[in-house]
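# Close look at the chain arrangement
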Amino acid sequence: MGVQWKAFVDQISHYESFVLVSHIRPDCDALGSELGMAEVLRTIGKKVRIINAHRTPAALQFLDPASNIEVLGDDVEAEDISADCIMILDTSAWAQLGDMGDVIRSSRADKIVLDHHVGEDELGATMYKDYQAEAAGHLVVQAADALGVPLTRSMSVPLFAAIATDTGWFRFGSVTPETYRVVARLVDAGVVPSEVYSDLYERDTLGRLRLRGLILSRTQSELDGALMHTHVEKEDFAKVGAEPNDTEDAINLTLAVQGTKAAVIFVGQIRGGFKLSFRSRCGMDCNEVARKFGGGGHKAAAGGFLEGTLDDVRGRVLPVVIEAVEKALAAE
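Residues numbered from 1 in each chain as written. Predicted model: local features only at pLDDT ≥ 70, side-chain atom pairs only at ≥ 80, totals over all residues. Heavy atoms only, no water.

## Observations concerning the overall build of the chain
The helix and strand tally for the chain stands at 12 helices and 12 strands. What you see for the chain is a C-alpha radius of gyration of 19 Å, in line with the 20 Å of a compact globule of 332 residues. With respect to the principal axes defined by its C-alpha atoms, the chain has extents near 55 × 45 × 40 Å. Going through the 332 residues of the chain one by one, you find that 53% of them count as buried. Pairs at least 24 residues apart make up 66% of the contacts formed inside the chain by residues separated by at least 6 positions. About 14,800 Å² of surface is accessible on the chain, with carbon and sulfur atoms providing 49% of the total. Computed over 33 positive and 49 negative side-chain charges, the inter-centroid distance for the chain is 1 Å. (Helix = DSSP H or I, 4+ residues; strand = E, 2+ residues; numbered from the N terminus. Rg over C-alpha atoms; globule rule 2.2 N^0.38 Å. Buried < 20%, exposed > 50% of the residue type's maximum accessible area, 1.4 Å probe, protein only. Contact = heavy atoms within 4.5 Å. Areas by Shrake-Rupley, 256 points an atom, 1.4 Å probe, with all protein chains shown as cover. Lys, Arg positive; Asp, Glu negative; His and termini not counted. Charge placed at Lys NZ, Arg CZ, Asp CG, Glu CD.)

## Looking at the pairing of strand β10 (residues 274-280)
The buried count for β10 comes to 6 of 7 residues, which makes it a mostly enclosed element. In this sheet, β10 lies alongside strand β9 (residues 262-268) in antiparallel orientation, the contact comprising 7 bridges. Bridge pairing in β10 places F266 opposite L276. The antiparallel pairing of β9 with β10 creates a hairpin that spans 5 residues between the two strands, and G272 there sits at a positive phi of about 105°. (Pairing = 2+ DSSP bridges.)

## Quick notes on empty space enclosed by the protein
The final tally for this structure, using the stated rule, is 1 cavity of 30 Å³ or more. One number sums up the size of the largest cavity: a volume of about 40 Å³. In terms of lining residues, the largest cavity is bounded by V19, I81, S82, A83, I86, V103, S107 and A109. Split into classes, the residues belonging to the lining of the largest cavity amount to 6 nonpolar, 2 polar and no charged. (1 Å grid on protein atoms, 1.4 Å probe; cavity = no way out; pocket = protein on both sides within 12 Å on 5 of 7 lines; lining within 4 Å. Points joined across faces, edges and corners; volume = space filled by probe spheres on them. Nonpolar A, V, L, I, M, F, W, Y, C, P; charged D, E, K, R; others polar.)

## What to know about the pattern of salt bridges
A full pass over the atoms with the stated rule returns 16 salt bridges. Across the pair E120 and K129 runs a salt bridge whose closest N-O atoms are separated by 3.1 Å. E120 sits in the partly exposed class, given a relative accessible area of 34%. A relative accessible area of 9% means that K129 is categorised as buried. Residue D199 is joined to R203 by a salt bridge in which the shortest nitrogen-to-oxygen separation is 3.0 Å. Among the charged side chains, a network of salt bridges with common partners joins D204, R208, R212 and D246. (Salt bridge = Lys/Arg side-chain N within 4 Å of Asp/Glu carboxyl O.)

## Considering unusual backbone geometry
The phi dihedral of S67 is positive, around 55°, even though this residue is not glycine. With respect to the helices and strands, the residue S67 is situated in the loop between β2 (47-52) and β3 (69-71). What makes S67 partly exposed here is its relative accessible area of 49%. One non-glycine residue, D249, lies in the positive phi region at around 75°. Counting through the fold element by element, D249 comes out in the loop between α9 (234-240) and α10 (250-254).

## A look at helix α1 (residues 5-12)
Of the residues making up α1, those classed as buried are W5, F8, Q11 and I12. The arc enclosing the buried residues of α1, seen along the axis, measures out at 125°, which places them on a common side. Residues of α1 that are buried sit in contact with β1 (17-21), α2 (28-43), β4 (85-89), β5 (110-115), β6 (126-129) and α4 (136-146). (Arc of directions from axis to C-beta.)

## A few points about the nonpolar core
Within the largest apolar cluster, 51 residues are counted, with the highest numbers of intra-cluster contacts made by F8, L20, M37, M87, L114 and L186. In this structure F8 touches M37, M87, I112, Y128, A143 and L147, once residues within four positions along its chain are discounted. Membership of the second largest hydrophobic core comes to 25 residues, among which are A226, C286, V289 and V325. (Core = buried A, V, L, I, M, F, W, Y, C linked by side-chain atoms within 4.5 Å.)

## Remarks on the sheet that holds strand β12 (residues 301-306)
Taken together, 6 strands build an open sheet; the order of strands is β7-β8-β9-β10-β12-β11 and the sheet is mixed. In the strand order of this sheet, the two ends are held by β7 (220-222) and β11 (296-297), each with one partner. Against the sheet, helix α12 (residues 310-331) engages β7, β8 (227-232), β9, β10 and β12, with an angle of about 165° to β9. (Axes fitted to C-alpha atoms, helices over the stretch in contact; angles between N-to-C directions.)

## So, the layout of surface pockets
Volume-wise, the second largest pocket comes out at about 310 Å³. Looking at the lining of the second largest pocket, the elements with two or more residues in it are α2, α5 (153-166) and α7 (193-201). By residue class, the composition of the lining of the second largest pocket is 10 nonpolar, 2 polar and 6 charged.

## Concerning the sheet that holds β2
Within a sheet, each strand pairs with its neighbour through backbone hydrogen bonds, oriented either parallel or antiparallel. Reading across the sheet, the 6 strands line up as β3-β2-β1-β4-β5-β6 and stay open at both edges, with parallel pairing between neighbours. Both edges of this open sheet fall to β3 and β6, since each of them pairs with a single strand only. The sheet shows a mean angle of 25° between the axes of neighbouring strands, direction not considered. Sheet topology places β5 next to β6; 4 bridges connect them, and they run parallel. Its bridge partner lying in β6, D115 is registered against K129. α2 rests against β1, β2, β3, β4 and β5 of the sheet, and its axis sits at about 165° to β2.

Okay, structure coming up:
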């Protein structure tokens, strides 16, 4: 079931000021959705701030050339944040909100969630969700339509990046004919896909390149190649001169191996523990697997987090994933 846009528009009309927030370790869908929605709301006369718990990765700063996105603790303190409404984009989970979660809990502002992920927590918010949407950025385009806001180039570039990256540059199974119709509208509004692609994928640092090589060199297989897994420890980033965000999309490289049905990557976090990313091209439901480790997402892609050493975390996660893949393969 899609978003009830009339209800969304009616609710938006009651507020004059908004704070937009998305998940920690923001990716293109998170940032693009925030930036696109901010312009949509400003077009209809609303006051808008974007405040995240984590800073925009340097590689994605091109999406926000005017540096409109503020960072909690660096650019603004919790006690200075106020608005009529807090809108949460591209997540429905407390764990994904980081320190902004405390701000949201303590705020008297109304809360709205605009998201496409299956799992959700009780955020005390009005939920506007479409599990079939391939990206939150697509929902922002629909929000613009519902609010009668025409697409502009500055709005469309981050929204195009949001949709392009969350669909693996239009190669994932989540892509539908409607995806291309929406993308065509963004191109009509002034997006040049080759420029966005270049900004995303052709400006790698040497550190990012070395990190990907390290990730690929550590890839191991299970179930006769049906499952691939690899890892990055927090010390590796300094060793190769990379940033944590440089692991973005690395897991998808392991799916290039012929016969691979699923993949997992364990990414060490600076503050300890491991971020888990799951991918599936079989019947394994990544969302179900991820929820066992405090996360969630989509059937084909999801994430979670576990405290512990690499051996501890890998020892807990791999048996669960192996069982899920075996079950999925048996059902084919």
